[in-house]
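The primary structure of each chain is shown beneath.
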Amino acid sequence: MRTSTEKMPSPKPKPSPNGGSGSDVKYFKLWRRFYEPLVMLKILGSTRGEHSPKTQQQSPVHRFLDNLAYLVDHDKGGPTTSAIGLEDAPQRFNFWIASNEPKQSLKSAAFLTSFLRDVRAVADEPIGKRASLQEKVTHRCIDFAKQRVKKEAKMLAKDVSKCTRYLTSPECIELSQWLKRFQETEPPESCYLAYRERDSLMMRQLSRLLQASSDISATDSQTVAMKDVVHRLGRLAHHVRAPHQIIEDVSNHTGLRNVLDEFQVHSIAAQAVIDRPQAESSIDIDSIMRRMLPSNGFDARHKEAAHTMNRLHHIVTRFKEAYNNKNFSPSIHAEIQILEHFWGKRQFFEDDRYIGCSKPACYCCHLYMQHHPARCAVPQTSCNVYLNWGLRKLPKGSHDAEYTRQRDILNEMTKSIRKDALDQILRKTTASPWHPDSQTGFTLRAPSEAGGQAEAMRMVDLDLATDSDDSQPESIGCYASGSRHSSVASMSDDSKRSGRRKLSWPVIEDSDSDSDSSSGGAVL
């Protein structure tokens, strides 16, 4: 990496070996206007708030697609983050898979094809005969994701050690011993154990301890340790819960059963990605601010705030380091690949423009889908900012037929990014504390005193996403409307419990990191 004292590359774009912007200054400036405030925002804080609210009563089709995406996201980290779109084609239904790293989706497509065939076979069996087949399907899913499960179990063991340091009072001894069971359990079995114990007395006690805090988002060490344990338990349990829910949704939804009569699974091929633009050699805080504001908008108030924030956060130095970082290499995130693959060419199943994803959308993906003319269902977002975000490189740059659409979306995104950055600079505040991209995956039940009776229960959503958003995307002419299939939606609680089993894997070498790097893109 270059040091911050070295000169930055010339702002004049250079020809790229893979057909970059060349001398297309107009296309270069479009992307520079986008990346400059994005880098600024990242420096000010990579997390822009809590996870956005999620729909409380998710439709079976949406849950089905999200769970499929979760199952094919077989390792931790950004590259395997996956998205799935379901196409209603004239001859058959097509599942389209994309991953942040396109080569990962090839492995996922092969697994998903056989998995969906097994799901249909289980759904066709009488309810009384499904248990053993469902267990085999679930174990296959856990085995496919064994790299991820092993890392999640390892991270849980570390978080349990942190958490039990605080559970020293007599009333917490049993809870501490219960948590240590997860440290003594093999990774595949830990998925079943977490699933079985998701509504146990010990889990309720853990919930009650969290609720003892006046602010569930508190950042004290004890609260963070308990929240991390719950998050890990939820992720492990979902390796069992997701295939169970998929089988349930296919069994109860006529449209999904029809889909699995005749379908194919395809992976989306890699595409050329936009080159990151080069920054100016003479960049300073004033020039950055001027480009973020309207003409003559950089007044004394902005100047004072910008220089204060630069002094506190070393913005210019870190700005140069970010642009020179060899890992600053844009990629097209999975849900954006699906969106662009369908745009104007393919019809979503039941004309429901929903893209399933293994994790909530990152900050940029959320903005992009908000402003895209396809008007797909805007996904939940983690509000986490990643610099390694980009779009397909237009072969003809500003002369390409797609340029106007790409420009208009990027300009709208840039407005929002600038607004967030400028607001924080003027207020001279820090950003929200970091949180994982993924969420716990289940709610905890905590006892509530009602008339002296501890039996009454209330739900505690540790993901802090309790508001409902039932808005539906509007219909536009670029997609065909209507569907030839009927839909009978019926959801029921997943109340089946798994028995104990002995499962083990060989040791898998991995990096000894206790950070949750499950991201919507590679971290800069």
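Residues numbered from 1 in each chain as written. Predicted model: local features only at pLDDT ≥ 70, side-chain atom pairs only at ≥ 80, totals over all residues. Heavy atoms only, no water.

Enquirer: What is the right way to read the overall build of the protein from this model?
Expert: In terms of regular secondary structure, the protein is built from 16 helices and 6 strands. Taken over 524 residues, the protein has a buried fraction of 55%. Of the contacts made within the protein by residues no fewer than 6 positions apart, 80% connect residues no fewer than 24 positions apart. Approximately 23200 Å² of the protein is accessible, and the part contributed by carbon and sulfur atoms is 48%. (Helix = DSSP H or I, 4+ residues; strand = E, 2+ residues; numbered from the N terminus. Buried < 20%, exposed > 50% of the residue type's maximum accessible area, 1.4 Å probe, protein only. Contact = heavy atoms within 4.5 Å. Areas by Shrake-Rupley, 256 points an atom, 1.4 Å probe, with all protein chains shown as cover.)

Enquirer: Even after reading the chapter, I still don't get the side chain of His-372, so can you show me in this structure?
Expert: Its location among the elements puts His-372 in the loop between helix H15 (363-371) and helix H16 (403-427). Classification of His-372 as buried rests on a relative accessible area of 2%. Side-chain polar atoms of His-372 contact the side chain of Glu-340, separated by 3.2 Å. (Polar contact = N/O pair within 3.5 Å; in protein donor to acceptor, adjacent residues only side chain to side chain.)

Enquirer: Would you mind going over the pairing of strand E2 (residues 93-99) with me for this structure?
Expert: Within E2, 7 of the 7 residues are buried, which leaves it mostly tucked inside the rest of the structure. Neither face of E2 is left uncovered, since the one carrying Phe-93, Phe-95, Ile-97 and Ser-99 and the one carrying Asn-94, Trp-96 and Ala-98 both have all their residues buried. In the sheet, strand E1 (residues 82-88) pairs with E2 via 7 bridges, with the strands oriented antiparallel. Bridging across to E2, Asp-88 finds its partner in Phe-93. The turn joining E1 and E2, which pair antiparallel and follow one another in sequence, is formed by 4 residues. Examined bridge by bridge, E2 and strand E3 (residues 263-267) share 5 bridges and lie parallel to one another. Among the inter-strand pairings, Ile-97 is bridged to a residue of E3, identified as Ser-267. (Pairing = 2+ DSSP bridges.)

Enquirer: Looking at this structure, how should I read the pattern of salt bridges?
Expert: Proximity of charged atoms lets side chains of opposite charge pair with each other. Going through the model one piece at a time under the given rule, you end up with 23 salt bridges. The salt bridge partner of Glu-248 is Arg-63, with a shortest N-O separation of 3.4 Å. You can see Glu-248 sitting in helix H9 (residues 221-252) and its partner Arg-63 sitting in helix H2 (residues 60-72), a full 185 residues away along the chain. We classify Glu-248 as buried; its relative accessible area is 11%. Arg-63 gets classed as buried once you look at its relative accessible area, which sits at 9%. Where Asp-73 meets Lys-359, a salt bridge forms, and the shortest distance between an N and an O atom there is 2.5 Å. With Asp-73 in the loop between H2 and E1 and Lys-359 in the loop between strand E4 (356-357) and H15, the pair connects residues that are 286 residues apart, well separated along the chain. Each member of the pair, Asp-73 as well as Lys-359, carries the same accessibility label: buried. What emerges from the salt-bridge pattern is a single network uniting Asp-73, Arg-148, Glu-152 and Lys-359. (Salt bridge = Lys/Arg side-chain N within 4 Å of Asp/Glu carboxyl O.)

Enquirer: Hey, could you run me through the packing of aromatic side chains in this one?
Expert: Two measures describe an aromatic ring pair: the distance that separates the ring centres and the angle between the ring planes. Applying the stated criterion across every chain yields a total of 16 aromatic pairs. These aromatic residues form a ring-pair network of at least three members: Trp-31, Phe-34, Tyr-35, Phe-319, Tyr-323, Phe-328, Tyr-368 and Trp-389. One cation-aromatic arrangement involves Arg-198 over Tyr-195; the distance from NZ or CZ to the ring centre is 3.9 Å. (Phe/Tyr/Trp six-rings, centres within 6.5 Å; stacked < 30°, edge-to-face > 60°. Lys NZ or Arg CZ within 6 Å of the ring centre and 35° of its normal.)

Enquirer: Just to check I follow, could you spell out the nonpolar core for this structure?
Expert: A general trend in soluble globular proteins is that nonpolar side chains are found buried together. In this structure, Trp-31, Phe-34, Met-40, Trp-389 and Met-413 are the most contacted members of the largest nonpolar core, which totals 68 residues. Counting only elements with at least two residues in this core, the list comes to helix H1 (25-44), E2, helix H11 (285-292), helix H12 (300-313), helix H13 (315-324), helix H14 (334-342), H15 and H16. If one sorts the elements of this core by residue count, H1 sits on top with 11 residues. For Met-40, the contacting residues outside a window of four places in its chain are Ile-285, Ile-288, Met-292, Ile-315, Phe-319, Ala-421 and Ile-425. Core analysis: the second largest hydrophobic core is formed by 36 residues, Leu-65, Ile-97, Val-122 and Leu-256 among them. (Core = buried A, V, L, I, M, F, W, Y, C linked by side-chain atoms within 4.5 Å.)

Enquirer: Is there a simple way to explain the environment of His-341 in this structure?
Expert: Secondary-structure assignment places His-341 in helix H14. For His-341, a relative accessible area of 18% corresponds to the buried category. Separated by 245 residues in the primary sequence, His-341 and Trp-96 have C-alpha atoms spaced 8.8 Å apart. Those residues in contact with His-341 that lie beyond four places of it in its chain are Trp-96, Ile-268 and Arg-346.

Enquirer: Explanation requested: H13 in the structure shown.
Expert: Each full turn of the α-helix corresponds to 3.6 residues, which orients residues three or four apart in the same direction. Within H13, 7 of the 10 residues are buried, leaving the element largely enclosed by the surrounding structure. Every buried residue of H13 is accounted for by Ile-315, Val-316, Phe-319, Lys-320, Ala-322, Tyr-323 and Asn-324. In this fold, the buried residues of H13 make contact with H1, H11 and H12.

Enquirer: Quick question: what am I supposed to make of unusual backbone geometry here?
Expert: Both trends apply: most residues other than glycine have a negative phi, and most peptide bonds are in trans. Located in the positive-phi region is His-314, a residue other than glycine, with phi close to 55 degrees. As for its position among the elements, His-314 is in the loop between H12 and H13. The phi dihedral of Asp-351 falls on the positive side, at around 55 degrees, and the residue is not glycine. Here Asp-351 lies in the loop between H14 and E4. Taking the relative accessible area as the measure of exposure, Asp-351 reaches 19% and is therefore buried.

Enquirer: Teacher, can you tell me more about the packing of H14 against H15 here?
Expert: Packed helices, taken two at a time, are described by the angle their axes make and the gap between the axes. The N-to-C vectors of H14 and H15 enclose an angle of 20 degrees; their axes lie 10 Å apart at closest approach. Accordingly, the angle class assigned to the pair H14 and H15 is roughly parallel. Between H14 and H15 lies a crossing of left-handed hand. The residues of H15 that touch H14, namely those facing Glu-335, Ile-336, Leu-339 and Glu-340, are Cys-365, Tyr-368 and Met-369. For the contact of H14 with H15, the per-class residue count stands at 5 nonpolar, no polar and 2 charged. (Axes fitted to C-alpha atoms, helices over the stretch in contact; angles between N-to-C directions. Parallel < 35°, antiparallel > 145°, perpendicular 65-115°, else oblique. Left-handed = near helix turned anticlockwise from the far one by under 90°. Nonpolar A, V, L, I, M, F, W, Y, C, P; charged D, E, K, R; others polar.)

Enquirer: What is the right way to look at the side chain of Asp-73 in this model?
Expert: Among the residues examined, Asp-73 registers a relative accessible area of 0% and is labelled buried. The residues contacting Asp-73, other than those within four sequence positions of it, are Thr-80, Thr-81, Ser-82, Arg-148, Ser-358 and Lys-359.

Enquirer: Where do I start with the pairing of E1 in this structure?
Expert: Along E1, 7 of the 7 residues are buried, which leaves the element largely enclosed by surrounding structure. Side chains Ser-82, Ile-84, Leu-86 and Asp-88 project from E1 onto one buried face, and the interleaved Ala-83, Gly-85 and Glu-87 project onto a second face that is buried too. Sheet analysis places E1 next to E4, joined by 2 bridges and oriented antiparallel. Residue Ile-84 lies in a different strand from E4, and its bridge partner there is Gly-356.

Everything listed is a geometric property; what it means functionally is a separate question.
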